Amino acid sequence: MTTVWAGGANYRNTFGTNPNHSTDLYGSYFYNYQHIVLKQTDSSIAPVVNNAGVDSSAVTTGNSYNVSRISSHRAYLNVESRFDSNNSLIFRPNITFQKSTPNGSSFSAVTDNHFNPLNTSTNRASSENSGFNINSSNLQFRHRFAKPSRTISLDINTSANINNGTGYNYTINDVYTKHSIDTLNQFYYDSLHSWTVTPTLIYTEPIAKNQILQLTYNHTYTNSTTINRTYAYSDSLKGYDNFDSLFSNSYKFISNADQVALAWRVQNAKFNLSVGSGIQWTSFNSDNTTKDITVKHDYVNYTPTVNFNYQFSNTSHLRMNYTGRTGTPSASQLQPLTTTTDSLSFVLGNPGLKPQFTHSLRMLYANFDPGTQRVIFATLNASTIVNDIQSEVYRNSNGGTNSSYTNLNGTYNVSGFFNYGFPLKRPKSNLNFMTNITYAQSQTLLAQDSMSAVAGKFAHEYTKNTGLNETIRWTTNIKKNFDMNFSSTTGYAINKNPGVQQGNSSADSTKSGGQGASNNTNLNSFTETLSAEFTAYSNNGWLIAASFDYTYTYTDSKTYQANIPLFTPSIAKQLFKKKNGEIRLTVFDVLDKNTSVSKTVGSYGAVTYNRTNVLSRYAMLTFTYNLNNFAGSNQRRMPGMFPGRFRGGGNRGGGGGDFPIN
């Protein structure tokens, strides 16, 4: 549940009447305050494997209650000065000040597949954080030479992140396998001071008719200081005086990168083509001041790009884009030290990590027939990662996990979207069919225990997620003062994990004493949402609107299934002579049925069921005044106060009941 208070102001002006010698000024200020209350309950099932495959599973159940207060001030300025027809200067500063005070509590319990307890963890935490961000503030000078297409520009980007915080953490971990109770009573201080500056020089030179060469050079300098000091409570001193090195991790990070790129561009009436590649030399130095560990690395990265755009007609075109980019490991991933946040699970860095390289392809086709009003829009996106930075994991004796980082091949994503729309004469309306298909493959390495991990005996686990979604939308304009719309959205998620076989419900398996929950888990889920909305308005400014959504969500768990009817009516009256004011009363979720459930299949076959509290029945009275008189038809079609905000596929709807999953 979120309460928001927000407001802002914009200013725009132009100084000078000569278009080639003038200054455009635009500025904005925005204030935002959020009070967020989040209550969640969840269950997850993760396989525990040996070298032969799945052997058993770990079942985690839990709940959490968190309250956060966040206030922010954002200021943005855009100044564009044209000295003459060939020279211009652009300055875009952007800064945000923010303060947050999150606090909350949580409980989790881990059992094996026979419900033998492994551990429980109870936590209370609170903190206060404040700081500011400079988000890509930009200074750019551009010069155009007398020769057409010959240009030069200097661009300086600056980013900064200053954040300081303090907090308290109180955790009780009961480890049944060791017959021990570990209590954490801690105070911590966190600080991040980071800034990055990137000057970029770009020169373009015409080499033939409709052909241009572009040469780019940039340098990126990053300086970051991270401080995390944790102190344990001392009973004898009655204060937080014992420095805890296991939970503390402070370091200084400096990075320098130089990149040179060359691109060839062809432009004509029918198509545009750009082919280029760059090389980047990166070196960084990370000094861990807590553990006295220094990590240095030098990388050479490549950045190929291809862009193609073909214009079949004024209303039909095809675009294709390919990019290759290198992702370097972070300082925390490379540091050869063990860190933890709860004393149950531990993470070890790997200084031998290689950079990962991502190939990305995007294709887009759009066609609109003005005569028949038919629309075709299609996109295809695909990416694959070489030397993807992933995890290698094993369950420890605490019931938690020990993990490190490794490079793996075989991670990729593919998605496609297709929209076909056309008008209907009787009744006067439009019909749209939208198809969305996604496929993703992720991976990790699993070991049975620490001895298997040291011996390198890991099982290579792939998680494969397929999403199929179809939406049919019928929008009407039957009469002058009446609109009515209908839609149906069907979503089906097919999730597969080698070693995790399709079958009966996981809870049914564990309750009957089956070998492992993960061996009999149906990983798939299904969602169907039917929606209807209407708007009726009179000539004297009265509007009556309503929306009705029915969502059914199937997750193979009785506790986490959804059958949710959502009815939201509203009534409004347009005011004043120009009808640029409106007063509206909206009652959201009259039946008081709104709730949220979800099911995800993540790394190493972990199946997570989640239920989150959401805003249910409430009434809202609003007044809207438009400074410009473009209200009119825009105010007609508002069946709900926030159309789409509280609707969705698998993340809405739910059931009741307690743990475990059944």
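Keep in mind that what you see is a predicted model, and the values were worked out from it rather than measured.

Engineer: Would you mind going over the overall build of the protein chain with me for this structure?
Structural biologist: Within the protein chain, the regular secondary structure consists of three helices and 33 strands. Buried residues in the protein chain amount to 39% of all 662 residues. Counting only contacts in the protein chain whose residues sit at least 6 apart along the sequence, the fraction spanning at least 24 positions is 65%. Summing over all exposed atoms, the protein chain offers an accessible surface of approximately 33800 Å²; the carbon and sulfur share of this is 57%.

Engineer: It is not clear to me how the packing of aromatic side chains should be interpreted in this structure. Could you clarify?
Structural biologist: Think of a pair of aromatic rings as described by two things: how far the centres are apart, and how the planes are tilted against each other in angle. Scanning the entire structure with this criterion turns up 23 aromatic pairs. On the basis of an interplanar angle of 45° and a centroid distance of 6.3 Å, the ring pair of Phe 187 and Tyr 240 is categorised as tilted. Placement of the pair is Phe 187 in strand 9 (residues 180-208) and Tyr 240 in strand 11 (residues 239-243), with a sequence separation of 53 residues. The rings of Phe 271, Phe 308, Tyr 310, Phe 312 and Tyr 365 are connected pair by pair, giving a single aromatic cluster.

Engineer: Mind showing me how you'd approach the nonpolar core here?
Structural biologist: Nonpolar side chains in soluble globular proteins tend to end up buried together. Grouped together as the largest cluster of nonpolar side chains are eleven residues: Tyr 251, Phe 253, Phe 284, Ile 293, Val 295, Tyr 299, Ala 331, Leu 334, Leu 337, Leu 353 and Ile 389. The set of elements that each furnish at least two residues to this core consists of strand 12 (251-267), strand 14 (293-302) and helix 1 (331-334). With eight residues, the next largest nonpolar core counts Leu 523, Tyr 560, Val 607 and Tyr 609 among its residues.

Engineer: Is there a simple way to think about the pairing of strand 19 (residues 356-369) in this case?
Structural biologist: Across a regular strand the side chains alternate sides, sitting on one face of the sheet and then on the other. In terms of strand pairing, strand 16 (residues 316-327) meets strand 19 through twelve bridges, oriented antiparallel. Bridge pairing in strand 19 places Arg 319 opposite Leu 364. For strand 19 and strand 20 (residues 374-386), the ladder comprises 13 bridges, and the chain directions are antiparallel. Across the sheet, Ser 360 pairs through a bridge with Ser 383, a residue of strand 20. The antiparallel hairpin formed by strand 19 and strand 20 contains four residues in its connecting segment, where Gln 373 sits at a positive phi of about 65°.

Engineer: Is there a simple way to think about the pattern of salt bridges in this case?
Structural biologist: Opposite charge on two side chains permits pairing when their charged atoms draw close. Evaluated as defined, the whole model comprises seven salt bridges. The shortest N-O distance in the salt bridge between Asp 24 and Arg 82 comes to 3.1 Å. Of this pair, Asp 24 sits in strand 2 (residues 21-50) while Arg 82 sits in strand 3 (residues 53-82), and the two are 58 residues apart along the sequence. Taking the shortest distance from any N to any O, the salt bridge between Glu 128 and Lys 99 comes out at 3.6 Å. Of this pair, Glu 128 sits in strand 7 (residues 117-144) while Lys 99 is found in strand 5 (residues 94-100), placing the two residues 29 residues apart along the sequence.

Engineer: For this particular structure, what's the right way to read the environment of Tyr 65?
Structural biologist: Here Tyr 65 is to be found in strand 3. Tyr 65 gets classed as partly exposed once you look at its relative accessible area, which sits at 40%. Between the alpha carbons of Tyr 65 and Asn 103 there is a distance of 8.7 Å; along the sequence they are 38 residues apart. Those residues in contact with Tyr 65, other than ones at most four positions away along the chain, are Val 37, Leu 38, Lys 39, Asn 103, Gly 104 and Ser 105.

Procedures and definitions
- Residues numbered from 1 in each chain as written.
- Predicted model: local features only at pLDDT ≥ 70, side-chain atom pairs only at ≥ 80, totals over all residues.
- Heavy atoms only, no water.
- Helix = DSSP H or I, 4+ residues; strand = E, 2+ residues; numbered from the N terminus.
- Buried < 20%, exposed > 50% of the residue type's maximum accessible area, 1.4 Å probe, protein only.
- Contact = heavy atoms within 4.5 Å.
- Areas by Shrake-Rupley, 256 points an atom, 1.4 Å probe, with all protein chains shown as cover.
- Phe/Tyr/Trp six-rings, centres within 6.5 Å; stacked < 30°, edge-to-face > 60°.
- Core = buried A, V, L, I, M, F, W, Y, C linked by side-chain atoms within 4.5 Å.
- Pairing = 2+ DSSP bridges.
- Salt bridge = Lys/Arg side-chain N within 4 Å of Asp/Glu carboxyl O.

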